[in-house]
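Breakdown of the fold
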Amino acid sequence: MEFPFDINQLFSERVTILDHTLVAGRKSAGRPDLQALITTVIDEIGRASAKAQQLTAPITSASKLQSQRHQVYLLKDGERNGGHGVVVGFLKVGCKKLFLLDRQGVHIEAEPLCVLDFYIAENVQRHGYGLELFDFMLQHKNLEPVLMAYDRPSIKFLSFLAKHYCLTQSVPQVNNFVVFEGFFPNRTAAQLRKVPLKKQDGEIKPYSLMEREVIRQEQRALPWPFAPPHTPQRSVSSQCSHSLSVGSSPSGAPLRALRDNRDKSPQSTLAERCRARRTR
Ligand code: ACO
């Protein structure tokens, strides 16, 4: 992706790690002009990613990054565009509190590092850039891919994980995150916590809402002033800036309302089966 300014001036390293400060190295610290350009880059690649995934709105933008404790790994190719460099793609990760099911169907509370967004420019996909970026992140975090959770991975991403990391066997979940065989046995007890099956206010609802689902819900909501002041959509989107998975609480009331509004999906059928099994 080309920009009308010098990418090499903005990002000196091949891979730059950006967080809520939107600062890329020492150069852009205290430089509002450079930070404005970084904002442009993040917004642009976020839009491109959303388009590639056919999402109705980006899940990555500069303003979202500023308000969440996520990290963006940005890959450039400094040689291209007459030496001004191009942005090749990005990978966004962040920790989320999730309620997961292990192989035995036991609810487990965990806060793994999750892949939230991943995009390589169309014209250079399948050239190994995705692998380069992903490997960089794994080294930086000193982590194995099997210990991560994946926020509704696309077909391409699933194929990528299978090819490069032999991640093929997923453990069925009732939310939209995917974890693979090996996620649970490889964790210490401190990282996992079994969730008691019953809570005072009722049954556990292990649904974690992904950001891309929130966006869809936000867009379904009527614009103000037509929307009622406390629709489930509004209350859910208002929690969106937190780094925790929105609605990941097992007893989150807004989420329950949101879930009830969702179309019947394979996940909801699975959820019903799980609920029926628990009831039995
Ligand atoms: N169709 C099927 N598999 C693909 C495709 C494709 N068009 N593109 C990449 N892959 C997978 C394949 O396994 C491929 O191996 P193969 O060519 O031997 O079949 C492998 O990825 C190639 O590895 P890389 O070259 O390192 O991957 P790439 O640079 O293409 O990056 C990525 C992978 C990020 C998934 C890229 O294809 C992309 O941006 N896709 C569009 C956006 C997207 O789907 N992002 C993931 C969203 S889900 C999430 O973020 C949680």
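Residues numbered from 1 in each chain as written. Predicted model: local features only at pLDDT ≥ 70, side-chain atom pairs only at ≥ 80, totals over all residues. Heavy atoms only, no water.

Within an unreviewed UniProt entry, the label attached to the protein chain reads Alpha-tubulin N-acetyltransferase 1, and the organism entered is Echeneis naucrates. You can read under Sequence similarities (unreviewed entry) in the UniProt record for the protein chain the words "Belongs to the acetyltransferase ATAT1 family." Quoted verbatim from the Catalytic activity (unreviewed entry) field of the UniProt record, the comment on the protein chain reads "L-lysyl-[alpha-tubulin] + acetyl-CoA = N(6)-acetyl-L-lysyl-[alpha-tubulin] + CoA + H(+)". (UniProt positions renumbered as here; feature names shortened; annotations may be inferred.)

Our focus in this paragraph is the layout of surface pockets. Quantified by volume, the largest pocket comes out at close to 760 Å³. Listing elements by their share of the lining of the largest pocket, those giving two or more residues are helix 2 (32–52), strand 6 (113–120), helix 4 (129–141), strand 7 (149–151) and helix 5 (155–165). If you tally residues by element for the lining of the largest pocket, the top one is helix 5, at seven residues. Here the lining of the largest pocket is composed, by residue class, of 14 nonpolar, nine polar and seven charged. (1 Å grid on protein atoms, 1.4 Å probe; cavity = no way out; pocket = protein on both sides within 12 Å on 5 of 7 lines; lining within 4 Å. Points joined across faces, edges and corners; volume = space filled by probe spheres on them. Helix = DSSP H or I, 4+ residues; strand = E, 2+ residues; numbered from the N terminus. Nonpolar A, V, L, I, M, F, W, Y, C, P; charged D, E, K, R; others polar.)

Feature annotation in UniProt assigns "site: Crucial for catalytic activity" (unreviewed entry) to the following positions: Gln53. Within the secondary structure layout, Gln53 lies in the loop between helix 2 and helix 3 (62–67). Taking relative accessible area as the criterion, Gln53 reaches 24% and is therefore assigned partly exposed. (Buried < 20%, exposed > 50% of the residue type's maximum accessible area, 1.4 Å probe, protein only.)

Quick look at the sheet that holds strand 4 (residues 98–101) now. The strand order across the open sheet built from three strands is 4-5-10, with neighbouring strands paired in antiparallel fashion. The open sheet is flanked by strand 4 and strand 10 (192–194), the only strands paired with a single partner. Strand after strand, the sheet turns through a mean of 35° between neighbouring axes, direction not considered. Pairing geometry for strand 4 and strand 5 (residues 107–110), over four bridges, is antiparallel. Bridge pairing in strand 5 places Phe99 opposite Glu109. (Pairing = 2+ DSSP bridges. Axes fitted to C-alpha atoms, helices over the stretch in contact; angles between N-to-C directions.)

A few words on the site of the ligand. Around the ligand, 25 residues are found, and the nearest of them are Phe118, Gly128, Ser154, Ser159 and Lys163. A distance of 2.8 Å separates an oxygen atom of the ligand from a polar backbone atom of Ile120. At a separation of 3.5 Å, an oxygen atom of the ligand approaches a polar backbone atom of Phe160. Considered on its own, the ligand offers 960 Å² of accessible surface; in the complex 86% of this is hidden by protein. Because more than half of its atoms lie within 2 Å of the grid, the ligand is assigned to the largest pocket. (Near = heavy atom within 4 Å. Polar contact = N/O pair within 3.5 Å; in protein donor to acceptor, adjacent residues only side chain to side chain. Areas by Shrake-Rupley, 256 points an atom, 1.4 Å probe, with all protein chains shown as cover. Sits in = over half its atoms within 2 Å of the grid points.)

Turning to the packing of aromatic side chains, a few remarks are in order. Taken as a whole and judged by the stated rule, the model has 13 aromatic pairs. With centroids separated by 5.3 Å and ring planes inclined at 40°, the aromatic side chains of Phe134 and Tyr165 adopt a geometry described as tilted. Here Phe134 is found in helix 4, whereas its partner Tyr165 is found in helix 5, with 31 residues between them in sequence. Here Phe134 matches Tyr165 in class, with each residue buried. Considering the side-chain rings of Phe157 and Phe160, the 5.9 Å spacing of their centres and the 40° angle between planes classify their relative orientation as tilted. With Phe157 and Phe160 both in helix 5 and three residues apart, this pair spans about one turn of that helix. (Phe/Tyr/Trp six-rings, centres within 6.5 Å; stacked < 30°, edge-to-face > 60°.)

The next subject is the pattern of salt bridges. Counting across every chain of the model gives six salt bridges. Ionic pairing is found between Asp33 and Arg31, a salt bridge with its closest N-O pair at 2.7 Å. Glu44 is paired through a salt bridge with Arg47; the nearest N and O atoms lie 3.1 Å apart. Of this pair, Glu44 and Arg47 both sit in helix 2, three residues apart, roughly one helical turn. Given a relative accessible area of 32%, Glu44 falls into the partly exposed group. Note on Arg47: relative accessible area 46%, which makes it partly exposed. (Salt bridge = Lys/Arg side-chain N within 4 Å of Asp/Glu carboxyl O.)

What follows deals with the sheet that holds strand 3 (residues 86–95). Spatially, seven strands are ordered 1-2-3-6-7-9-8 in an open sheet, and the strand pairing comes out mixed. The open sheet has two edge strands with one neighbour each: strand 1 (15–18) and strand 8 (170–171). Taken together, the seven bridges between strand 2 (residues 71–77) and strand 3 define a ladder with antiparallel strand orientation. Among the inter-strand pairings, Lys76 is bridged to a residue of strand 3, identified as Val87. Together, strand 1, strand 2, strand 3 and strand 6 form the strand contacts of helix 2, whose direction differs from that of strand 6 by roughly 90°. Taken strand by strand, helix 4 contacts strand 1, strand 2, strand 3, strand 6 and strand 7, and its axis lies near 135° from that of strand 2. (Contact = heavy atoms within 4.5 Å.)

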